[in-house]
Amino acid sequence: AGKNLIRECPHSDKHPLIEEMTVSPDPESDGVLILDPHLGPKWRLVSTRDPTIVYLPKSVDKVTILDKTDEVLGCHLMSIEFKDGESPIDGKKKHISCFASDELLQGLVRVHHGDERLKASSGGRGGGRGRGGRGRGRGGGRGGRGGERGGKRR
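Residues numbered from 1 in each chain as written. Predicted model: local features only at pLDDT ≥ 70, side-chain atom pairs only at ≥ 80, totals over all residues. Heavy atoms only, no water.

**Concerning the side chain of Ser59**
For step 1, the next point in the chain: Locating Ser59 in the fold gives a position in the loop between β4 (52–55) and β5 (60–69).
For step 2, the next point in the chain: Among the residues examined, Ser59 registers a relative accessible area of 10% and is labelled buried.
For step 3, the next point in the chain: Ignoring sequence-local partners within four residues, the contact set of Ser59 consists of Glu81, Phe82, Lys83, Glu86 and Pro88. (Helix = DSSP H or I, 4+ residues; strand = E, 2+ residues; numbered from the N terminus. Buried < 20%, exposed > 50% of the residue type's maximum accessible area, 1.4 Å probe, protein only. Contact = heavy atoms within 4.5 Å.)

**Looking at the pairing of strand β6 (residues 76–82)**
For step 1, the next point in the chain: The buried count for β6 comes to six of seven residues, which makes it a mostly enclosed element.
For step 2, the next point in the chain: The pairing of β5 with β6 spans six bridges and is classified as antiparallel. Residue pairing for β6: Ile65 is matched across the bridge by Met78.
For step 3, the next point in the chain: What sits between β5 and β6 in their antiparallel hairpin is a turn of six residues, with Gly74 showing a positive phi close to 80°.
For step 4, the next point in the chain: Direction of pairing for β6 relative to strand β7 (residues 94–97): antiparallel, over a ladder of four bridges. Note on β7: the bridge partner recorded for Ser79 is Ile96. (Pairing = 2+ DSSP bridges.)

**Things to note about the sheet that holds strand β1 (residues 22–25)**
Pairing between the strands of a sheet is mediated by backbone hydrogen bonds and can be parallel or antiparallel.
For step 1, the next point in the chain: Read from one edge to the other, the open sheet built from five strands follows the order β1-β2-β3-β4-β8, with strand pairing classed as antiparallel. Only two strands of the sheet have a single neighbouring strand rather than two, namely β1 and β8 (110–113). Sheet twist, expressed as the mean angle between neighbouring strand axes with direction ignored, is 25°.
For step 2, the next point in the chain: As paired elements, β1 and strand β2 (residues 32–35) share three bridges and run antiparallel to each other. The partner of Ser24 across the bridge, within β2, is Leu33. (Axes fitted to C-alpha atoms, helices over the stretch in contact; angles between N-to-C directions.)

**Observations regarding the confidence of the model for the chain**
For step 1, the next point in the chain: Looking at the chain, the pLDDT average stands at 76 and 64% of residues meet or exceed 70.
For step 2, the next point in the chain: Below a pLDDT of 50 lies the segment residues 120–124, which in the model reaches zero contacts outside its immediate sequence neighbourhood of four places, other chains included. (pLDDT = per-residue confidence, 0-100.)

**Brief notes about the pattern of salt bridges**
Here the idea is simple: oppositely charged side chains can pair when their charged atoms come close.
For step 1, the next point in the chain: Scanning all chains against the criterion turns up two salt bridges.
For step 2, the next point in the chain: As a salt-bridge pair, Asp36 and Arg44 come within 2.4 Å of each other at their nearest N and O atoms.
For step 3, the next point in the chain: For the salt bridge of Asp84 with Lys93, the shortest nitrogen-to-oxygen distance reads 3.4 Å.
For step 4, the next point in the chain: Owing to a relative accessible area of 65%, Asp84 belongs among the exposed residues under this scheme.
For step 5, the next point in the chain: Residue classification places Lys93 among the partly exposed positions, given a relative accessible area of 40%. (Salt bridge = Lys/Arg side-chain N within 4 Å of Asp/Glu carboxyl O.)

**Section: the sheet that holds β5**
For step 1, the next point in the chain: Overall, antiparallel pairing links the three strands, which are arranged β5-β6-β7 in an open sheet. The sheet is open, and its two edges are formed by β5 and β7, each paired on a single side. Neighbouring strand axes in the sheet, compared pairwise and without regard to direction, differ in orientation by 20° on average.

**Regarding the nonpolar core**
For step 1, the next point in the chain: Judged by nonpolar contacts, the single largest core of 16 residues is most densely connected at Leu45, Val60, Val63, Met78, Ile80 and Phe99.
For step 2, the next point in the chain: Contributions of two or more residues to this core are made by β2, β5 and β6.
For step 3, the next point in the chain: The element contributing the most residues to this core is β6, with three residues.
For step 4, the next point in the chain: Those residues in contact with Phe99 that lie beyond four places of it in its chain are Val23, Ser24, Leu33, Leu45, Val54, Met78, Leu105, Gln106 and Val109.
For step 5, the next point in the chain: Counting residues in each nonpolar core, the second largest holds seven residues, with Ile18, Met21, Val46 and Tyr55 among its members. (Core = buried A, V, L, I, M, F, W, Y, C linked by side-chain atoms within 4.5 Å.)

Encoded structure:
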């Protein structure tokens, strides 16, 4: 659990829940980028139409979506607060951003495309099937079978 990527948001981009979290159009699909509703400490933006994740810098402490929107793009502005002494933006603790046009912030993010991530995570131990080759061993069974306590039956 947790490794599967949802390829597309079930809501339309005009749905009120999506609109209130929209911070940028997604330049690589017809969708939009929204702030991941799971919140920090690993702040990220996710695309509604593509398995793309935009990771904000680790120095970001808090992200708040503002009610104010960009007049041209119609997406919400973000208030970004950095951890003490870790601001990459001239030492300022707080930064207001329209992500779509903020070249400074765009230069600080890491973008991962879902297809790349899925290819990178395949393989590994056990191939992800069943119990991964582990035997039953002793003591790993379901308790309460017949009430016996060790030893042979006579």
